[in-house]
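Listed below, chain by chain, are the residues.
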Amino acid sequence: MNRSAISWTKLTWNPVHGCSRVSKGCRNCYAERLSLQRGWTKHPWTAHNAKLNVALKPHKLGEPAKVEEPSRIFVNSMSDLFHPLVPDDYIVRVFDIMCQVDRHVYQILTKRPERAATWAGPWPEHIWMGTSIEDQRAADTRLDHLRRCRAQVRFLSVEPMLGPIDLAGRLDGIHWVIVGGESGPGY
């Protein structure tokens, strides 16, 4: 586990590493850039390279239990728990840990909320589900999937903001909105 410089969380927990791009919002991904710079992955995070880059890290599953102080924990800051290459049985293991070590708030963020929307859970109040939106198209598709998710707390991360996004009247069922610092010029 690492302390986080991200203002909305305290720690990061990465039981999965690596990803593949799904939209324009992935173009300047900090996780991809950091992973390539540090040699954690060797290939750009394209769909073609996904099998080379997405790696389960079962040795990290026990990390939340070692943190005594109740904390907000960003789950997979260096990946996407709902990536198609993360098997259902592994997601079950991650959820088991989050349910057992319930003193923390777990913040899962995905660009694939359609898979999260079908995830049965369990979804206790301390496991939050969020999706990233970078433009109106992403908002129009991902927001509806996020609302269908059974999580009791749902949030949006509007970063990188690549263009205007109209959320007026569209935040029913959304409990928290993050607007981040990776936004493009003028937004």
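This text goes with the structure placed above it.
A short tour of the structure in this document, coming up. (Residues numbered from 1 in each chain as written. Predicted model: local features only at pLDDT ≥ 70, side-chain atom pairs only at ≥ 80, totals over all residues. Heavy atoms only, no water.)

1. Digging into the pattern of salt bridges
Counted according to the given criterion, the structure contains nine salt bridges. Between Glu134 and Arg142 there is a salt bridge, with its nearest N and O atoms 2.9 Å apart. Note on Glu134: relative accessible area 0%, which makes it buried. A relative accessible area of 6% places Arg142 in the buried class. A salt bridge links Arg147 to Asp144, with the nearest nitrogen and oxygen atoms 3.0 Å apart. Here Arg147 pairs with Asp144, and both are found in helix 5 (residues 136-148), just three residues apart, close to one helical turn. Arg147 sits in the partly exposed class, given a relative accessible area of 26%. (Salt bridge = Lys/Arg side-chain N within 4 Å of Asp/Glu carboxyl O. Buried < 20%, exposed > 50% of the residue type's maximum accessible area, 1.4 Å probe, protein only. Helix = DSSP H or I, 4+ residues; strand = E, 2+ residues; numbered from the N terminus.)

2. Some remarks on the pairing of strand 6 (residues 105-110)
With five of six residues buried, strand 6 is to be regarded as a mostly interior element. Judged from the four bridges that link them, strand 5 (residues 72-75) and strand 6 form a sheet pairing that is parallel. Paired with Ile73 across the strands is Tyr106, a residue of strand 6. Taken together, the five bridges between strand 6 and strand 7 (residues 127-132) define a ladder with parallel strand orientation. Within strand 7, the residue paired with Thr110 across the bridge is Thr131. Handedness of the crossover is the feature at issue here: the chain leaves strand 6, passes through helix 4 (residues 113-118), returns alongside strand 7, and the resulting connection is right-handed. (Pairing = 2+ DSSP bridges. Right-handed = clockwise from strand over helix to strand, strands pointing away.)

3. Quick word on the pairing of strand 5
The sheet contact formed by strand 2 (residues 11-13) and strand 5 spans three bridges and is parallel. When the bridges of strand 5 are listed, Leu11 appears paired with Ile73. For the handedness criterion, the β-α-β arrangement of strand 5, helix 3 (residues 88-100) and strand 6 is classed as right-handed.

4. A word on the packing of aromatic side chains
Evaluation of the coordinates by the stated rule reveals ten aromatic pairs. Measuring from ring centre to ring centre gives 6.2 Å for Phe82 and Trp119, while their planes differ by 70°; the resulting arrangement is edge-to-face. One end of the pair, Phe82, is in the loop between strand 5 and helix 3; the other, Trp119, is in the loop between helix 4 and strand 7, and 37 residues separate them in sequence. What makes Trp119 buried here is its relative accessible area of 9%. With a centroid separation of 5.0 Å and 85° between ring planes, the pair formed by Phe95 and Trp123 is classed as edge-to-face. In this pair, Phe95 is assigned in helix 3 and Trp123 in the loop between helix 4 and strand 7, connecting sequence segments 28 residues apart. Neither Phe95 nor Trp123 differs from the other in exposure class; each is buried. Cluster of aromatic residues (ring-pair linked, three or more members): Trp8, Phe74, Trp128, Phe155 and Trp176. (Phe/Tyr/Trp six-rings, centres within 6.5 Å; stacked < 30°, edge-to-face > 60°.)

5. Describing the sheet that holds strand 5
An order of 1-2-5-6-7-8-9 is seen for the seven strands of this open sheet, with the pairing classed as mixed. In the strand order of this sheet, the two ends are held by strand 1 (2-3) and strand 9 (176-179), each with one partner. Relative to strand 9, strand 8 (residues 153-158) runs parallel, the two being bridged by four bridges. Note that in strand 9 the partner of Phe155 across the bridge is Trp176. On top of the sheet, helix 3 reaches strand 2, strand 5, strand 6 and strand 7; it is set at about 150° to strand 6, its chief contact. (Contact = heavy atoms within 4.5 Å. Axes fitted to C-alpha atoms, helices over the stretch in contact; angles between N-to-C directions.)

That is the geometry; function is a separate question.
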